[in-house]
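Here is what each chain is made of, one letter per residue.
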Amino acid sequence: TLAAVKDQDLGGRSIVVTAGGTREPLDPVRFLGNRSSGKQGVALATAAAARGATVTLIAANLEVVPPASVTVVSVESARELRDAVMEAALTADTVIMAAAVADYRPSSVAEGKIKKETQGEELVLSLVKNPDILAEIASSKRPEQVIVGFAAETENDPEKLLELGRQKLARKGCDFLVLNTVGVGVVFATDLNTITVLNRAGHIVAEAAGSKVSVADRILDVLL
Ligand code: CTP
Ligand code: CA
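If you're wondering where the values come from, they're calculated on a predicted model, not measured in any experiment.

Enquirer: I keep staring at unusual backbone geometry and nothing clicks. Help me out?
Expert: Glycine aside, the phi torsion of most residues is negative, and most peptide linkages are trans. The residue Asn61 is not glycine, and still its phi comes out positive at about 55 degrees. Of note, Asn61 is situated in the loop between β4 (54-60) and β5 (71-75).

Written as structure tokens, this is what we have:
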């Protein structure tokens, strides 16, 4: 049937999806993290596998369980995620960077637990910038490869949000950018999402709202 054909419309494709949020170690027991649950990335990986793609999910501290239909590579920090995605990208047709990657990490990781006794009333952390993984894969991609970024913004004005998206797209050099608005309880950790997809030229090629599962299918439709 027609439905069965559409079901396998990503057959033969190899897709890498990053999901979740990185954790940057401070000492053996602590890290700096973010509120990403990994739900949107896992929904993308699940939908792509259901449509016939071979999927590698680079999973950073997921709060949801990925399906058995995808190959999972577990990572913790941004630098671990970078190494895993660079390797997986070698054989991928498409890389979707849905993970929330820490922009900065502690300049040094304490060997032992940081103790109050030695810190006193104030503890100042020093952070250094992490590599921009999306920009790196976009600049080193093969011509036929499709690289997709996500943009997490806290801007509520739709025009300003679009402008931020277009600037980010240009900075990253990716083929598509999925724009959404984030904030505590707005997108992170919920089952719903509202997205706008921009192509390389900055034009809107899709808009979708609904469950992260339905949004995942719309994003894959655009990539097809
Ligand atoms: N990203 C990445 N490596 C980083 C930071 C972000 O690959 N070190 C990716 C994310 O996975 C996402 C895209 O870049 O696909 C945009 O992430 P975002 O945090 O929205 O953008 P930044 O460039 O980090 O800018 P800022 O956080 O300052 O808005
Ligand atoms: Ca960022």
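Enquirer: Any chance you could explain the pairing of strand β10 (residues 176-181) here in plain terms?
Expert: Look at any regular strand and the pattern is simple: side chains alternate between the two faces of the sheet. Most of β10 is tucked away, with six of its six residues classed as buried. Of the two faces of β10, the one carrying Phe176, Val178 and Asn180 and the one carrying Leu177, Leu179 and Thr181 are both buried. Since strand β9 (residues 146-153) and β10 lie parallel, the crossover through helix α6 (residues 158-172) that links them has a hand, and here it is right-handed. Relative to strand β11 (residues 192-199), β10 is paired through five bridges, and the arrangement is antiparallel. Across the sheet, Asn180 pairs through a bridge with Ile195, a residue of β11.

Enquirer: In this structure, what is going on with the pattern of salt bridges? I would like to understand it.
Expert: Oppositely charged side chains may form a pair once their charged atoms are brought near each other. Tallied over the full model, the rule gives 13 salt bridges. Across the pair Lys39 and Asp191 runs a salt bridge whose closest N-O atoms are separated by 3.1 Å. With Lys39 in helix α2 (residues 39-50) and Asp191 in the loop between β10 and β11, this residue pair connects regions lying 152 residues apart in the sequence.

Enquirer: Any chance you could explain the pairing of strand β12 (residues 204-211) here in plain terms?
Expert: Relative to β12, β11 is paired through seven bridges, and the arrangement is antiparallel. Bridging from a neighbouring strand, Asn193 pairs with Gly210 of β12. Between β11 and β12, which pair antiparallel one after the other, the connecting turn spans four residues, and Gly202 there sits at a positive phi close to 90 degrees.

Enquirer: Would you take a moment to explain the coordination of the calcium ion (ligand 2) for this structure?
Expert: Six octahedral donors around a metal ideally make angles of 90 or 180 degrees; four tetrahedral donors ideally make 109.5 degrees. Coordination of the calcium ion (ligand 2) by the protein involves Asp103 (OD) and Asp103 (OD), with metal-donor separations of 2.4 to 2.5 Å. One can find Asp103 in the loop between β6 (94-97) and β7 (104-106).

Enquirer: Quick question: what am I supposed to make of a nonpolar patch on the surface here?
Expert: A contiguous nonpolar surface patch, about 360 Å² in accessible area, is contributed by Tyr104, Leu123, Leu125 and Leu127. One can find Leu123 in the loop between α4 (116-119) and β8 (127-129). The class of Leu123 is partly exposed, set by a relative accessible area of 45%.

Enquirer: Any chance you could explain the UniProt feature "binding site: CTP" (unreviewed entry) in the protein chain here in plain terms?
Expert: What UniProt calls "binding site: CTP" (unreviewed entry) maps, in this numbering, to Asp103, Lys113, Pro131, Asp132, Ile133, Leu134, Phe150, Lys168 and Lys172. Spatial dispersion of the annotated residues is evident: they stretch over 70 residues in sequence, and the largest pairwise C-alpha distance comes to 37.5 Å. Classification of Asp103 as exposed rests on a relative accessible area of 55%. Ignoring anything within four residues of it in the chain, the contact list for Asp103 reads Val128, Lys129 and Asn130. Residue placement: Lys113 occurs in the loop between β7 and α4. Beyond its immediate sequence surroundings of up to four residues, Lys113 is in contact with Asp27, Pro28, Val29 and Arg30.

Enquirer: Can you help me understand the sheet that holds β9 in this one?
Expert: Two strands in a sheet stick together by hydrogen bonds in their backbones, pointing the same way (parallel) or opposite ways (antiparallel). What the eight strands build is an open sheet, ordered β5-β4-β1-β6-β9-β10-β11-β12; its pairing is mixed. Whereas interior strands pair on both sides, the edge strands pair on one side only; in this sheet they are β5 and β12. If you compare each strand with its neighbour and ignore which way they point, the axes differ by 15 degrees on average. Inspection of the sheet shows strand β1 (residues 14-20) paired to β6 by four bridges, in the parallel sense.

Enquirer: Is there a simple way to think about the site of ligand 1 in this case?
Expert: With respect to spatial proximity, 14 residues lie near ligand 1, and among them Met97, Ala99, Leu134, Lys168 and Lys172 are the closest. The contact in question runs from an oxygen atom of ligand 1 to an N or O atom on the backbone of Leu134, over 2.7 Å. Within the backbone of Phe150, a nitrogen or oxygen atom sits 2.9 Å from an oxygen atom of ligand 1. Contact with the protein chains removes 78% of the 570 Å² of surface that ligand 1 exposes when unbound. By residue number, the principal contributor to the shell around ligand 1 is β9, which donates four residues. Taken together, the residues of the shell around ligand 1 break down into nine nonpolar, one polar and four charged.

Reading the values: rules and limits
Residues numbered from 1 in each chain as written. Chains lettered and ligands numbered in written order. Predicted model: local features only at pLDDT ≥ 70, side-chain atom pairs only at ≥ 80, totals over all residues. Heavy atoms only, no water. Helix = DSSP H or I, 4+ residues; strand = E, 2+ residues; numbered from the N terminus. Buried < 20%, exposed > 50% of the residue type's maximum accessible area, 1.4 Å probe, protein only. Right-handed = clockwise from strand over helix to strand, strands pointing away. Pairing = 2+ DSSP bridges. Salt bridge = Lys/Arg side-chain N within 4 Å of Asp/Glu carboxyl O. Donors = N, O, S within 2.8 Å, 3.2 Å for Na, K, Ca; no water. Patch = residues over 30% accessible without salt bridge, like charges linked within 9 Å, V, L, I, M, F, W, Y side chains within 5 Å. Areas by Shrake-Rupley, 256 points an atom, 1.4 Å probe, with all protein chains shown as cover. UniProt positions renumbered as here; feature names shortened; annotations may be inferred. Contact = heavy atoms within 4.5 Å. Axes fitted to C-alpha atoms, helices over the stretch in contact; angles between N-to-C directions. Near = heavy atom within 4 Å. Polar contact = N/O pair within 3.5 Å; in protein donor to acceptor, adjacent residues only side chain to side chain. Nonpolar A, V, L, I, M, F, W, Y, C, P; charged D, E, K, R; others polar.

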